[in-house]
Every structure is written in C-alpha cells, then in structure tokens.
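What follows is the residue order along each chain.
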Amino acid sequence: MLALSLTSGAALASDPETDERIADLEARIAQLEETNRRLLEFLESGQSAPVQSSTPHHQPSHAPAETPAPQHHAAHQAAHHAAHHGEDATGGYVGLSSEYSYRMLDHAEGVNTRQLAILQAMQDGELNNRVTLGGGLTVLANYQRSNSDTKFGWLMRHPTSANQIGEEVSEFVVHSASLQTTARLSDNMTGYIELLYNPEQSFGSGTITDLNRNQVQVRKAFVLFGDLDETPWYAAIGKMDTPFGLQDTVNPFTNSTNWHSFAGLAYGGMVGYYNNGFHVRAMGIQGGAQFRAANTPVQGTNVPSRVNNFAIDANYTAELSSDSTLMVGASYQHGSPYCQDFPVFHFNPCADNNPAYSIYGRLVAGNFTLLGEYAATTDVWPGSRNPNAPLDVFDAVETESFGLGGRYDMDIGAESPLAVSFEFSRFIAGDEGAPWEDQDQWVGGLSYFVTPSVNLFGEVIHTEGWVPLNFLSGGTPGLPINTTWSEADAETNVITLGVQAAF
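The shown structure was predicted, so the numbers you read here are calculated from the model rather than taken from an experiment.

K.L.:
Looking at this structure, I do not really get the packing of aromatic side chains. What am I missing?
P.N.:
Each aromatic ring pair is characterised by the separation of its centres together with the angle its planes make. Evaluation of the coordinates by the stated rule reveals 20 aromatic pairs. Note on Tyr-267 and Phe-291: the rings are 5.1 Å apart at their centroids and 70° apart in plane angle, and the pair reads as edge-to-face. Of this pair, Tyr-267 sits in strand E7 (residues 265–275) while Phe-291 sits in the loop between strand E9 (288–289) and strand E10 (295–296), and the two are 24 residues apart along the sequence. Judged by relative accessible area, which is 42%, Tyr-267 ranks as partly exposed. Classification of Phe-291 by relative accessible area gives partly exposed; the value is 30%. Counting every residue linked through ring pairs, the aromatic cluster contains Phe-244, Phe-262, Tyr-338, Trp-381 and Phe-427.

So this is what it looks like as structure tokens:
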C-alpha cells in the first residue's frame with residue numbers, strides 16, 4: 001500500500017495540469033502579499049509625526065501638540081490624489097484639527113484674518129488632509145442686573161425686550177455653535193465653509209426659543225487662492241469678514257465695543273499680501289446694506305447689485321526682542337453702516353455713503369499683551385439727529401468707537417497659565433448731552449485652557465448707557481416721534497461663566 005501511495009503521489013506531482021494550478025495559486029499568494037505590503041507602507045506613511053502648530057494668542061504656548069487622527073483611505077485614492085496634488089500634499093482624505101478649528105471659530109481674536117490663518121495652517125502642516133472638519137461650542141451661565149426696566153447694555157445678546165424682561169435676568173444657554181469645513185481643492189486653492197447657530201445674537205424675530213432665531217446659517221464661505229511657500233500674494237472670493245480695523249479683544253468671551261460698532265461681514269473679493277511683517281489687504285465689497293457694518297447706496301436703494309464699496313487695511317509687525325513684538329495698522333472703508341437718515345433702522349438704504357477709518361496696535365511682551373484701537377466715520381451720521389423738538393437741539397455727529405485692553409498670562413504652576421484681562425471700550429453715537437451720546441463697557445476676565453482647544457472662562461462686565469442701534473435717536477414704533485428709548489443713565493452689571501471648546 002505504501003508503494004502504491006508513493007507511486008500515485010509521484011504520478012500526481014508530475015501531472016502538468018496540477019503543476020499549472022499550483023503555480024497559479026503561488027502567484028496569487030505572492031500578489032496578495034505584495035498588495036498587503038504596499039497598503040501597510042501607505043498607512044504607515046499616512047500617520048506622520050504631529051506638527052507643532054501656532055496657537056491662539058491667548059492660548060498657552062507650551063500646550064502639547066495634538067496627534068493627528070489616523071488616516072483611512074485606499075491606496076488607489078492616494079495615487080489619484082498624488083497625481084493632482086503632489087505626494088506630500090495630504091496625509092489622508094478627511095481629518096480633524098481641534099487647535100485649527102479653535103482659531104478659525106474663535107470670535108475674540110484673529111476675527112478678520114481667517115484667510116491668513118488658513119495659509120499659515122497650511123505652512124505648519126495642519127491641513128495635510130484633503131478635507132479638515134471641525135466645530136465649536138460656547139455655553140454660558142450668567143446673571144445680569146440693570147437699574148432700568150428691560151434695558152440691558154451687554155451686547156453679547158441683542159438688547160431688546162424679546163431677550164430681557166424686568167431689571168434682573170439669568171440664564172443657562174448655548175450662546176453659539178458652529179461647524180467648519182476646510183477643503184484643499186488643489187495645492188494653491190482652498191475652500192472654506194462655516195455654519196453658525198447663534199440664537200442670542202440672531203436677527204430673527206421672537207425670543208431665543210423661537211424657531212426664527214434657532215436657524216443654522218452659512219456664516220462664511222469663500223474660495224481662497226494662495227500658498228505662502230510659493231508667493232506672498234493671496235486672494236479670496238465669497239462671504240467673509242471685511243478687512244477693517246483689528247476688532248480683537250483681550251477678553252476671553254465678550255467682544256469689544258469696537259467690534260460691535262465696525263466689524264464687517266459682506267460679499268466681496270479680496271487680495272492680500274503677507275511678507276516680512278507686512279500684511280496688506282484690499283477688498284471690493286458688494287454695495288447696499290451688507291450682513292454687518294457696510295452700506296453704500298445702489299441707485300438710492302439697499303439692493304446689493306453693484307460692487308461700489310471697498311475696504312483697505314495695512315499693518316506691520318516688528319520683532320522687538322526674542323519674546324516681544326509690536327504691530328501697528330490702519331484701515332479705510334468707503335461705506336460704513338452709519339449713513340442712514342432719521343429714524344435709524346438696521347439695513348435701511350442711505351442717501352449717500354459715509355466712509356470710516358481705523359488705527360490700531362498690539363504689543364506683546366513676554367506674557368503681557370496690550371491692544372488699542374480707534375475707529376470713526378469721516379462724516380456725520382445723519383440719523384444721529386432727531387429733527388423733532390425738543391430733541392432737535394442735539395446735532396448730528398461723526399460715529400466713533402475706541403478701546404484699550406491688557407492681558408497677563410500668569411504662571412500658577414499648572415499645565416497652562418491663568419490669563420487675567422481687563423478692557424475698556426466706548427461707542428459714541430450722539431451729540432454731547434444727548435440720551436444716545438455714548439455707551440461704555442468695562443470687562444474683567446479670567447480664562448484657563450484645559451486643553452489647547454477647550455477654554456474655561458469667567459467675566460465681570462459693567463456697562464453705562466443704553467444705546468441700541470435701531471431708533472437710537474427716536475422714532476421707535478409705539479413711542480412719540482420726539483422721544484427716544486436710549487438712556488444715558490442706564491447701567492448693567494453682569495457675571496458670566498462659560499466654556500468655549502472646539503474639536
């Protein structure tokens with residue numbers, strides 16, 4: 001039997017058909033092993049070492065870098081992408097960068113330089129994925145008290161009776177939530193989309209629980225052309241912040257009065273130059289009344305059917321020492337929002353444009369930051385005068401706003417420093433002695449970054465004057481035309497605690 005078995009085995013081994021099948025099987029196994037080897041090499045190369053990125057200015061500089069999320073897409077997709085974007089253009093298809101998202105969605109600093117932030121993030125290797133997703137969330141607990149019925153001057157929520165009733169209010173609330181998508185369309189073309197949910201500052205009607213104020217909007221959307229490794233020039237087209245003023249604050253949460261007065265958001269096209277400390281931007285802005293702080297008439301209307309507005313900004317940053325810098329800048333805008341006649345109402349058309357200018361600066365010296373800004377219109381605001389006696393004694397004036405603030409990052413022996421800040425800002429809208437003359441804001445703040453993208457903060461706020469933009473000099477529906485609901489002696493005190501986080 002043994003001999004028979006050996007004889008049979010030898011016969012099978014020498015059979016040509018069997019030999020061919022075995023050879024085919026061996027070839028398939030070898031091909032599979034080679035495919036697995038190439039896929040493993042690709043996945044390992046996709047998980048590159050984390051890159052230390054620049055952090056928000058008020059964020060601790062020694063915070064650890066985030067580790068990029070693992071990349072998961074097929075080898076043939078990588079080959080296709082490399083053919084169009086280069087081998088090192090991306091580490092994957094979709095990824096997250098929480099520090100980048102925090103900088104892009106932060107409403108306190110870098111508020112009108114998002115295009116530059118994207119280009120710098122590209123340089124730092126934070127946008128190595130084809131698409132970078134992220135989001136942010138700000139939640140608040142606060143207590144507010146006013147000395148005047150239903151007149152609260154804290155502008156981080158709209159100052160109307162739909163928001164605050166009586167002389168004392170309190171809340172646990174979502175102030176805002178946002179999502180961002182940054183897409184590397186090619187080596188020098190990037191798309192950016194930002195969605196925003198902001199019931200407390202929405203222009204929708206009703207209270208913060210009304211569906212009209214619980215909508216999600218496309219807050220910003222633009223295509224950016226540029227790569228700072230190739231050229232100092234860049235350009236963008238879409239819905240974006242206007243390049244006017246600094247608009248930043250040292251506060252962890254509350255925007256300065258300058259921001260509320262002059263920070264713009266509009267449709268337009270921008271060209272920028274960034275090199276050796278110089279940053280220059282020019283933006284052609286769609287006419288009519290834009291989303292924020294831009295208004296030029298189009299044949300006497302507010303219809304945005306012509307590019308007849310523009311803004312120009314230039315600043316220079318000098319390195320004073322290894323840990324100290326000084327930045328100074330100035331801006332001009334052809335059409336500000338302060339061009340409407342009496343009675344004033346949001347987005348109404350103007351008879352003529354009213355230009356504005358801004359000068360600003362920021363000093364960083366070690367752990368200390370100081371910033372200041374002044375902005376004003378070149379002509380008087382027609383609507384700042386009520387033509388009806390007895391209020392007609394107050395003349396129309398130029399609109400002004402200024403602010404000064406400082407912050408110190410205190411070493412408390414923890415993982416991150418404790419940021420201590422103080423800021424004063426003022427909005428001037430009326431003649432001396434008018435009930436709508438001005439509104440002041442003082443803010444003292446503390447903030448601590450639990451992680452580079454999660455900030456715990458607290459603020460104490462005091463405001464003097466209640467000057468809402470709508471009907472500030474009179475003409476309020478339901479009130480006599482020769483009266484105003486603005487109130488110079490109104491005061492508001494606020495204590496707020498919150499969390500601002502990004503992913």
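Here the narrative resumes, following the displayed structure.
K.L.:
Please explain the state of the cysteines as it appears in this structure.
P.N.:
Note: disulfide means a covalent bond formed between the sulfur atoms of two cysteine side chains. Enumeration according to the criterion identifies 1 disulfide in this entry. Cys-339 shares a disulfide with Cys-350; S-S distance 2.0 Å. On the sign convention where negative means left-handed, the S-S torsion of about 60° between Cys-339 and Cys-350 marks this disulfide as right-handed. Taken together, the positions of Cys-339 in the loop between strand E12 (324–333) and strand E13 (356–365) and Cys-350 in the loop between E12 and E13 put the pair 11 residues apart, joining distant regions of the chain. The exposure class of Cys-339 is buried, given its relative accessible area of 4%.

K.L.:
I'm lost on the nonpolar core in this one. Help?
P.N.:
In a soluble, globular protein the nonpolar side chains are often hidden away together inside. Ranked by internal contacts, the top residues of the largest apolar core, which has 23 residues, are Tyr-100, Ile-118, Tyr-192, Phe-222 and Leu-224. For this core, the elements supplying multiple residues, two or more each, are helix H4 (98–105), helix H5 (114–123), strand E5 (216–225), strand E6 (233–241), E7 and strand E8 (278–285). Per-element tally for this core: the top contributor is H5, with 6 residues. Excluding residues within four positions of it along the chain, Ile-118 makes contact with Tyr-100, Met-104, Leu-127, Thr-190, Tyr-192, Phe-222 and Leu-224.

K.L.:
Help me out: how do you make sense of H5 in this one?
P.N.:
Each α-helix turn comprises 3.6 residues. Residues three or four places apart therefore point the same way. Of all 10 residues that make up H5, 8 are buried, and the element is covered over most of its length. Inspection of H5 places Arg-114, Gln-115, Leu-116, Ala-117, Ile-118, Leu-119, Ala-121 and Met-122 among the buried residues, and these make up the whole buried set. At the exit of H5 stands Gly-125, carrying a positive phi of roughly 80°.

K.L.:
Looking at this structure, I do not really get a nonpolar patch on the surface. What am I missing?
P.N.:
Together, Phe-368, Leu-370, Leu-404, Tyr-408, Met-410, Ile-412, Val-420 and Leu-446 make up a nonpolar patch on the protein surface, roughly 650 Å² of accessible area in all. Broken down by secondary-structure element, the contributors of at least two residues to the nonpolar patch are strand E14 (368–380) and strand E15 (398–410). Looking at the nonpolar patch, the element that brings in the most residues is E15, giving 3 residues. Summarising the element assignment, Phe-368 is placed in strand E14.

K.L.:
What is the right way to look at H4 in this model?
P.N.:
Within H4, 8 of the 8 residues are buried, leaving the element largely enclosed by the surrounding structure. Within H4, burial applies to Ser-98, Glu-99, Tyr-100, Ser-101, Tyr-102, Arg-103, Met-104 and Leu-105.

K.L.:
Is there a simple way to think about the side chain of Ser-176 in this case?
P.N.:
Here Ser-176 shows up in strand E3 (residues 168–186). For Ser-176, a relative accessible area of 14% translates into the label buried. If sequence neighbours within four positions are ignored, Ser-176 has contacts with Gly-136, Leu-137, Thr-138, Leu-196, Tyr-197 and Asn-198.

K.L.:
Sorry, what's going on with the side chain of Asn-163 here?
P.N.:
Looking at the secondary structure, you find Asn-163 in the loop between strand E2 (129–146) and E3. Reaching out from Asn-163, the side chain makes a polar contact with the backbone oxygen of His-158 at a distance of 2.3 Å. A distance of 2.8 Å separates polar atoms of two side chains, one belonging to Asn-163 and the other to Arg-213.

K.L.:
Please clarify how the pairing of strand E18 (residues 454–466) should be interpreted in this entry.
P.N.:
Where a strand is regular, its side chains alternate between the two sheet faces. Direction of pairing for strand E17 (residues 438–451) relative to E18: antiparallel, over a ladder of 11 bridges. Its bridge partner lying in E18, Val-443 is registered against Ile-461. Counted along the chain from E17 to the antiparallel partner E18, the turn is 2 residues long. With 12 bridges connecting them, E18 and strand E19 (residues 487–502) associate as antiparallel partners. Bridge pairing links Asn-455 to Gln-500 in E19.

Conventions used here
Residues take numbers from 1 onward in each chain, read along the sequence in its written order. Local features in a predicted model are, by the rule used here, given only for residues with pLDDT of at least 70; side-chain atom pairs are given and counted only at 80 or more, and totals for whole chains, interfaces and linings are based on all residues. To get the side-chain values, take all heavy atoms of the structure and skip hydrogens and water. A pair of aromatic rings is counted whenever rings of Phe, Tyr or Trp (Trp by its six-membered ring) have centres within 6.5 Å, and the orientation is called stacked for planes under 30 degrees apart, edge-to-face for over 60 and tilted otherwise. Numbering of helices and strands runs from the N terminus; a helix is a DSSP stretch of H or I covering at least four residues, while a strand is a stretch of E covering at least two. Remark: exposure states derive from per-residue accessible area (1.4 Å probe, protein chains only) relative to the maximum for the residue type, with buried under 20%, exposed over 50%, and partly exposed in between. Disulfides are defined as pairs of cysteine sulfur atoms found within 2.5 Å of each other. In this text, buried Ala, Val, Leu, Ile, Met, Phe, Trp, Tyr and Cys residues form a nonpolar core when linked through side-chain atoms within 4.5 Å. By definition, residues are in contact when any of their heavy atoms lie within 4.5 Å. Each patch is assembled from residues with relative accessible area greater than 30% and no salt bridge, linking like charges that lie within 9 Å and nonpolar side chains (Val, Leu, Ile, Met, Phe, Trp, Tyr) that lie within 5 Å. Computed with a 1.4 Å probe, the accessible areas rest on the Shrake-Rupley method; for each residue, only the protein chains presented here act as cover. Any carboxyl oxygen of Asp or Glu within 4 Å of a side-chain nitrogen of Lys or Arg constitutes a salt bridge here. Under this definition, polar contacts are N or O atom pairs within 3.5 Å; protein pairs additionally need one hydrogen-donor-capable and one acceptor-capable atom, and for neighbouring residues in sequence, both atoms have to be side-chain atoms. For two strands to be treated as a pair, DSSP must find at least two bridges joining them.

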